[in-house]
Amino acid sequence: MGYVAVSGGQEAIEASIRLLDHCRAGGGQELELSAVQQKLGLLIDRVMGEAGLYAPDYAALVLKQCEGCVEEAVFLLRAYRSTLPRNYYTQTADTDDMRIIRRISAAFKDIQGGQILGATYDYTHRLIHFDLKNEDPMELLRRVREELECQEPQPPKACPRVSDTLKKEGLIDTYEPDDSEPFDVTEQMLEFPAPRSARLQTLARADTGFLGGLAYSVLRGFGAIHPTVGELRTGYVELLVDYPFGEGESIWIGEILITEVECFSEADGEKEMKLADGYGVVFGRNENKAIAMSVVDRELDLPGDFPARDEEFVLMHGDSLEMNGFISHLKLPHYVTFQSKLDAVRKTRKKPQASGEAEHGADEESQGGCNEE
Amino acid sequence: MKSEYNYGFLDEGSKREIRRSVLKAVAIPGYQVPFGSRELPIGRGWGTGGIQLTLSLIGPEDVLKVIDQGSDESVNAVNIKKFVALCTDVPTTIHTAEATIVQTRHRVPEVPMKNNQILVLQVPTPEPLRVIEPKEEVTKKMHAEKDYAGIWLQLYECLIRYGKVTIGAEYPCMVEGRYVMNPSPIPKFDNPKLNDAECLYLFGAGREKKIYAIPPHTQVIPLAFEDVPFEREDFSGRKCRLCGSEDTYLDEIFDAETGERYYQCSDTAYCKEVRARHESNH
């Protein structure tokens, strides 16, 4: 009987939450938080990025709490974030000074500072390594450390941006630095047309899959075709805040790992063609998302009807928390609204001439029809 | 109440910001005020707009009632009450008359509310024009220009196709002759309760980041043509199988075994009160 489902909610919820512990208990194995944080780093990166909170410890903790579900983990971090007062904004971080661990360009073979392949799965064969089933973790650690000790340390080289060269040549437009206060999407509702700071913040926090699908649609033909990754760099940037008691002084609060991408595509100039630059940046090493972001950023500047060119469509539908919240709410009871819909549908089936007693009869008849289904 | 959270979960700055948006909403009835909606430990789309309103308004003196589709015991209503209890110490009630704040999803209680009470409605889609125009940028201009031709046309098209206005819940209303407003997915049955009411109605949409309000004694008229009057859901000839009420919104219930169909008050607390009155009369 339908009604039982909505009464006794309290006990049902409590039992359901206890059942989650059964799901989480597994076979009693240890799930060390430090292992989740250090060995599932790309998962941590994705969760932190979509949550908009750089907190590797908490990201590991919430993943443990929710059986590794990305959207639940993002949800938990975001909700926690709401309870924290906003004390400082950092100074603008200059990614030119990034301590780079990976840097590639698909536009030029030789770039100043050099290409640094770094760690990437790009050139692995995707074959399952069955020997990992019996891997000795300490032996693995010993081996990688040994390899590290044989290396000669080299001073970091300056890596100017690839786009700087093209800007000097006039192929990419140069803009005056915009030091106006950025729009904060966590404290204000987005308005359209959105300022660029709002666009980039929204894309940086967007669901990885959503952004990937959109960028893919651009490459397949629902947009400008095939941009080139001018530069992808991953590394650590230092964060500073103003020292409140000293003019011009700063406090170093730490460093974060980010991936930054600039992609180049053709653009119409006044008389001749030029190149346009799309920008993407994400927490950690989630580099496909950074590339996708740069593609979509560029696409949003173009006029036309493709989905990825529609600012409101792109910026309003990519938030993990919002999309998953609204989709999951469909599981809530809708008895009242459905009853209202049912009433409207039934009324259209009544014969127009029917009224009074006759109308009542017609209604009973249509109900009978429903019962038989 | 757990001491590791601030009273009402949100920090005081956020609560103040929400109250300021509420004041603006009250000053411009039916106008959707944008606000910086905060993430809550409850899903977006599960009443987070209403909860943010409740949390920003609630204080130790308050008595809270939460209903979902009319029921105090529905899983979501229970869950919201549990969350509010985690970060405040206010007592809860099922009796509408006892509450100072009633948070609701998809219903206005059957007992008329008074001028010392606030009804907080959870809103999934605050924009009444969204059905005809998907873009916020455009609908904002339409409101500014009071361009409501599209929504009237939609009503007219319904009439041409079906001979009836086929909108169910979320029936658009004109507020004080200025703004067309979505009353949230309350059934048409509840729409007249919004007009010239004693209490304050607050509408919160967390995911869409909007707050709007109907202050007491505001004119709220469902959109309808002069020759085709507004019609509520029709329950004529039916009554609640538990309390016998013939003037309430009824849930339709099937008995899976017998195939029998019967009706029951959607407002479960009201139904209980009516039954208690019957018993004390006997």
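Residues numbered from 1 in each chain as written. Chains lettered and ligands numbered in written order. Predicted model: local features only at pLDDT ≥ 70, side-chain atom pairs only at ≥ 80, totals over all residues.

Participant: Mind showing me how you'd approach the domain arrangement of chain B here?
Facilitator: Often, the extent of an interface is quoted as the loss of accessible area on bringing the components together. Residues and elements named next belong to chain B. Splitting chain B by domain gives domain 1 (12–222) and domain 2 (234–282). Taking only C-alpha atoms into account, the centre of domain 1 sits 26 Å from that of domain 2. Each partner contributes residues to the interface: domain 1 has 14 residues there, and domain 2 has 7 residues. (Domains from an automatic or database assignment. Contact = placed C-beta atoms within 7 Å.)

Participant: Would you mind showing me how to read the interface of chain A and chain B here?
Facilitator: Of the residues lining the interface, 42 residues belong to chain A; the matching set on chain B comes to 57 residues. The set of elements that each furnish at least two residues to the side of chain A that touches chain B consists of helix H1 (9–25), helix H5 (70–81), helix H12 (320–328), helix H13 (335–349) and helix H14 (356–372) of chain A. Top element by residues in the side of chain A that touches chain B is H13(A). It accounts for 10 residues. Considered class by class, the residues forming the side of chain A that touches chain B number 17 nonpolar, 17 polar and 8 charged. (Helix = DSSP H or I, 4+ residues; strand = E, 2+ residues; numbered from the N terminus. Nonpolar A, V, L, I, M, F, W, Y, C, P; charged D, E, K, R; others polar.)

Participant: Looking at this structure, how should I read H5(A)?
Facilitator: What sets the pattern is the α-helix's 3.6 residues per turn: residues three or four places apart point alike. Under the 1.5 Å per step criterion, the end-to-end length of H5(A) is 17 Å for 12 residues, consistent within 8% with the ideal 16 Å. Within the span of H5(A), buried status applies to Ala73(A), Val74(A), Phe75(A), Leu76(A), Leu77(A), Arg78(A) and Ala79(A). (Expected span 1.5 Å × (residues − 1). Buried ≥ 20, exposed ≤ 12 C-beta atoms within 10 Å, placed from the backbone.)

Participant: Which parts of the structure should I look at to understand helix H2 (residues 48–57) of chain B?
Facilitator: Residue and element names in this part refer to chain B. Extensive coverage of H2 is indicated by the burial of 9 of its 10 residues. Residues of H2 that are buried include every one of Thr48, Gly49, Gly50, Ile51, Gln52, Leu53, Thr54, Leu55 and Ser56, and no others. Buried residues in H2 make contact with helix H1 (12–27), helix H3 (75–87), strand E3 (101–105), strand E4 (118–122), strand E7 (200–205) and strand E8 (210–214).

Participant: I would appreciate a short explanation of the sheet that holds strand E2 (residues 228–242) of chain A in the present structure.
Facilitator: Strands belonging to one sheet form pairs held by backbone hydrogen bonds; the direction of such a pair is parallel or antiparallel. Residue and element names in this part refer to chain A. Taken in spatial order, the 4 strands of this open sheet run E1-E2-E3-E4, and their pairing is antiparallel. The open sheet terminates on both sides in strands that have one partner only, identified here as strand E1 (99–104) and strand E4 (273–283). Neighbour to neighbour, the strand axes of the sheet diverge by 25° on average, direction disregarded. Here E1 runs beside E2; their pairing, made up of 5 bridges, is antiparallel. Bridging across to E2, Ile100 finds its partner in Gly235. (Pairing = 2+ DSSP bridges. Axes fitted to C-alpha atoms, helices over the stretch in contact; angles between N-to-C directions.)

Participant: Is there a simple way to explain the confidence of the model for chain A in this structure?
Facilitator: If pLDDT is low for a region, its predicted coordinates should not be looked at in detail. Per-residue pLDDT for chain A averages 88, and the proportion of residues at 70 or more is 92%. Considering only residues more than four positions removed or in separate chains, one finds that residues 1–6 of chain A, a stretch of pLDDT under 50, has 11 contacts. (pLDDT = per-residue confidence, 0-100.)

Participant: Teacher, can you tell me more about the sheet that holds strand E9 (residues 220–222) of chain B here?
Facilitator: Residues and elements named next belong to chain B. On the basis of which strands lie adjacent, the open sheet formed by 3 strands has the order E6-E5-E9 and antiparallel pairing. Lying at the two open borders of the sheet, with one neighbouring strand each, are strand E6 (179–181) and E9. Direction aside, neighbouring strands of the sheet carry axes that sit 35° apart on average.

Participant: Looking at this structure, how should I read the packing of H1(A) against H3(B)?
Facilitator: Across the interface, H1(A) lies against H3(B) with an axial gap of 8 Å and an inter-helix angle of 75°. One way to sum up the angle between H1(A) and H3(B) is to call them roughly perpendicular. In this structure, H1(A) uses Gly9(A), Gln10(A), Ala12(A) and Ile13(A) to contact H3(B), whose residues at the interface are Val75(B), Val78(B) and Asn79(B). Looking at side-chain class alone, the contact of H1(A) with H3(B) contains 4 nonpolar, 3 polar and no charged residues. (Parallel < 35°, antiparallel > 145°, perpendicular 65-115°, else oblique.)

Participant: Would you mind showing me how to read unusual backbone geometry here?
Facilitator: Most peptide bonds take the trans form, and the phi angle of most residues other than glycine is negative. Between Phe192(A) and Pro193(A) the backbone carries a cis peptide bond, its omega angle lying at 0°. A positive phi angle is found at Glu170(B), which is not glycine, with a value near 60°. Residue classification places Glu170(B) among the buried residues on the basis of 21 C-beta atoms within 10 Å. You will see that Glu176(B), though not glycine, has its phi angle at about 50°, which is positive. With respect to the element layout, Glu176(B) can be found in the loop between strand E5 (173–175) and E6.

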